[in-house]
Every structure is written in structure tokens, then in C-alpha cells.
Amino acid sequence: MEISELMKKFTDVVGIDAIEPDDNGAYHFEIDGMVVSFAERKDTRELLTVAEVGEPPPDGRELLYRTLLESAFLGEGTDGAAFSIERGSGQVCLHRADPLDLMDLDRFRGMLERFVNVLENWRRLVADFRETAPGQAKSAAEDARAVRQSREDGFIRV
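Residues numbered from 1 in each chain as written. Predicted model: local features only at pLDDT ≥ 70, side-chain atom pairs only at ≥ 80, totals over all residues. Heavy atoms only, no water.

**What to know about the pattern of salt bridges**
Our working rule: Should a side-chain nitrogen of Lys or Arg be within 4 Å of a carboxyl oxygen of Asp or Glu, the pair is scored as a salt bridge. Only DSSP runs of H or I with at least four residues qualify as helices, and only runs of E with at least two residues qualify as strands; both kinds are numbered from the N terminus onward.
In total, this model carries 13 salt bridges according to the counting rule given. Put simply, Glu40 and Arg45 hold a salt bridge, and the shortest N to O gap is 3.0 Å. Asp128 is paired through a salt bridge with Arg124; the nearest N and O atoms lie 3.4 Å apart. One end of the pair is Asp128 and the other is Arg124, both in helix α3 (residues 105–131) and 4 residues apart, which spans about a single turn. One salt-bridge network, held together by shared partners, links Glu2, Glu40, Lys42, Arg45 and Asp101.

This is the structure we're talking about:
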């Protein structure tokens, strides 16, 4: 399926106005106050899904980065998505790539729901790191470990 067709079907089903791609061919949706972007990686025909998680704290970054990396191990705390740092802004981002040729509306909706659940959780945890004094950042890291353990039942929303 082509990304334009997928985005059209999605907006029709959820009952929102059609969203046009930007100059780079990316589509941007606001979902629960978070912007989630979709684009096609032409060379591999993958659907790229990306969103900002948050700004790393000035103190305690090492613990945050360790927590993010541990949670991303085998996709345990990310439902297969990965973390990255955006070069220009320094924001922590969550992203995933899925084969566009295998994507249909039902798969897309399921992937998007799981992605948003993971994104909401990590946005909260990164915000906790920012608000926590450096000496107390370990509690946010422990929260992240608890989230990874909750993945055993296949349900991530907390």
C-alpha cells in the first residue's frame, strides 16, 4: 500500500480531515497532544513513525540514557521501537520502521495504538527525569524497569 493511500484511509476511518504531506512527504498527526509523524523511506519501502519524547535533563543524563538503552534491549520497553537523539534539537525521539508493503489499515491502527501507548509512557518518564533532583533520578529509572516488567502480560499502558 502507498503511504498516501494509507493516510487517506486512516483519516477517513477515524473521521478527521485529510492531512496533506509536508514538503518532504511526511504526514503529521496530533494525537492526545503529541505530534506523531509518518514518512516513507523510499530505498527500503518502510513506513517510518517518529515522535519526540522530550528533552533530556541537564543533570542525570547518564542514568536516563542508560534507562532508555536498557529498555530498548530487544524492544522490551518500546514494543520494538528505538530511541534516538535528534541532532538539531537534542530531543529524545522514539521511532520505528515497518514494511510498507505489508501494512494495511488494521496493522497500521494497531501499530499506532501501541506506539502512542509507549510514547505516552516514555514522555512521562523523561519529564520525571527533568523534574527530579539528580540524586532522586533513580526512582524514575526504577519506574522504567517496572514498565519493562509489565510487558510480560503484553499490555504497556500505565
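The discussion continues.
**As for the sheet that holds strand β2 (residues 34–41)**
Condition: A pair of strands counts as paired when DSSP detects no fewer than two bridges linking them. Each axis is a line fitted through C-alpha atoms, and for a helix only the stretch in contact is used; angles between axes span 0 to 180 degrees, taken between their N-to-C directions. Two residues form a contact once any of their heavy atoms are found within 4.5 Å.
Read from one edge to the other, the open sheet built from 5 strands follows the order β1-β2-β3-β5-β4, with strand pairing classed as antiparallel. Two strands bound the open sheet, and with one partner strand each, they are β1 (27–31) and β4 (82–85). The mean angle between the axes of side-by-side strands here comes to 30°, regardless of whether they run parallel or antiparallel. Here β4 runs beside strand β5 (residues 92–99); their pairing, made up of 4 bridges, is antiparallel. Note on β5: the bridge partner recorded for Ala82 is His95. On the sheet, helix α1 (residues 3–14) packs against β1, β2 and β3 (46–54) and is oriented at approximately 25° with respect to β1. α3 rests against β1, β2, β3, β4 and β5 of the sheet, and its axis sits at about 20° to β3.

**A few points about α3**
Rules: To estimate how far a helix should reach, multiply one less than its number of residues by 1.5 Å. Within 3.5 Å is the distance limit for a polar contact, defined as a pair of N or O atoms, with the added protein rule that one can donate a hydrogen and the other accept it, and that residues adjacent in sequence qualify only through two side-chain atoms.
An ideal rise of 1.5 Å per residue puts 39 Å on 27 residues; α3 measures up with 38 Å between its terminal C-alpha atoms. The distance from a side-chain oxygen at the start of α3 to the backbone nitrogen of Asp106 is 3.2 Å, and the residue carrying that oxygen is Asp104.

**Section: the packing of aromatic side chains**
Note the following rule: To pair, rings of Phe, Tyr and Trp, with the six-membered ring standing in for Trp, must have centres within 6.5 Å; the planes then decide the type, stacked if under 30 degrees apart, edge-to-face if over 60, and tilted in the middle. Type-normalised accessible area, obtained with a 1.4 Å probe on protein chains alone, sets the label of each residue: buried when under 20%, exposed when over 50%, and partly exposed for intermediate values.
A complete count under the given rule lists 5 aromatic pairs for this structure. Between Phe10 and Phe29, the ring centres sit 5.4 Å apart and the planes meet at 85°, which makes this aromatic pair edge-to-face. One end of the pair, Phe10, is in helix α1; the other, Phe29, is in strand β1, and 19 residues separate them in sequence. Both residues of the pair, Phe10 and Phe29, count as buried.

**Some thoughts on the packing of helix α2 (residues 61–72) against α3**
Selection criterion: Comment on the angle field: the value is read as roughly parallel under 35 degrees, roughly antiparallel over 145, roughly perpendicular from 65 to 115, and oblique elsewhere. Helix crossings get a hand from a simple test, with the near helix turned counterclockwise from the far one by less than a right angle marking a left-handed crossing and a clockwise turn marking a right-handed one. Any residue that is not Ala, Val, Leu, Ile, Met, Phe, Trp, Tyr, Cys, Pro, Asp, Glu, Lys or Arg is counted as polar, Gly included; the first ten are nonpolar and the last four charged.
Contact geometry for α2 and α3: axes closest at 11 Å, N-to-C directions at 160°. Considered as vectors, α2 and α3 are oriented roughly antiparallel to each other. Two packed elements cross with a definite hand, and for α2 against α3 that hand is right-handed. Between α2 and α3, the residues in contact are Leu63, Leu64, Thr67, Leu68 and Ser71 and Trp122, Val126 and Phe129, respectively. Of the residues belonging to the contact of α2 with α3, the class tally is 6 nonpolar, 2 polar and no charged.

**Quick word on the nonpolar core**
For the record, the criterion: What we call a nonpolar core is a set of buried Ala, Val, Leu, Ile, Met, Phe, Trp, Tyr and Cys residues that are connected through their side-chain atoms within 4.5 Å.
Membership of the largest hydrophobic core comes to 33 residues, with the highest contact counts inside it found for Val36, Phe38, Leu47 and Phe108. Every element with two or more residues in this core is listed here: α1, β1, β2, β3, α2, β5 and α3. For this core, the leading source of residues is α3, giving 12 residues.

**Re a nonpolar patch on the surface**
Keep this limit in mind: To count toward a patch, a residue needs a relative accessible area above 30% and no salt bridge. Like charges then connect within 9 Å, nonpolar side chains (Val, Leu, Ile, Met, Phe, Trp, Tyr) within 5 Å. We get accessible surface area from the Shrake-Rupley algorithm with a probe of 1.4 Å; when it comes to residues, only the shown protein chains can shield them.
Among the surface-exposed residues, Val13, Val14 and Ile16 lie close enough to one another that they form a single nonpolar patch of about 210 Å² accessible area. Following the sequence through the fold, Ile16 ends up in the loop between α1 and β1. For Ile16, a relative accessible area of 37% corresponds to the partly exposed category.

None of this, on its own, says anything about what the molecule does.
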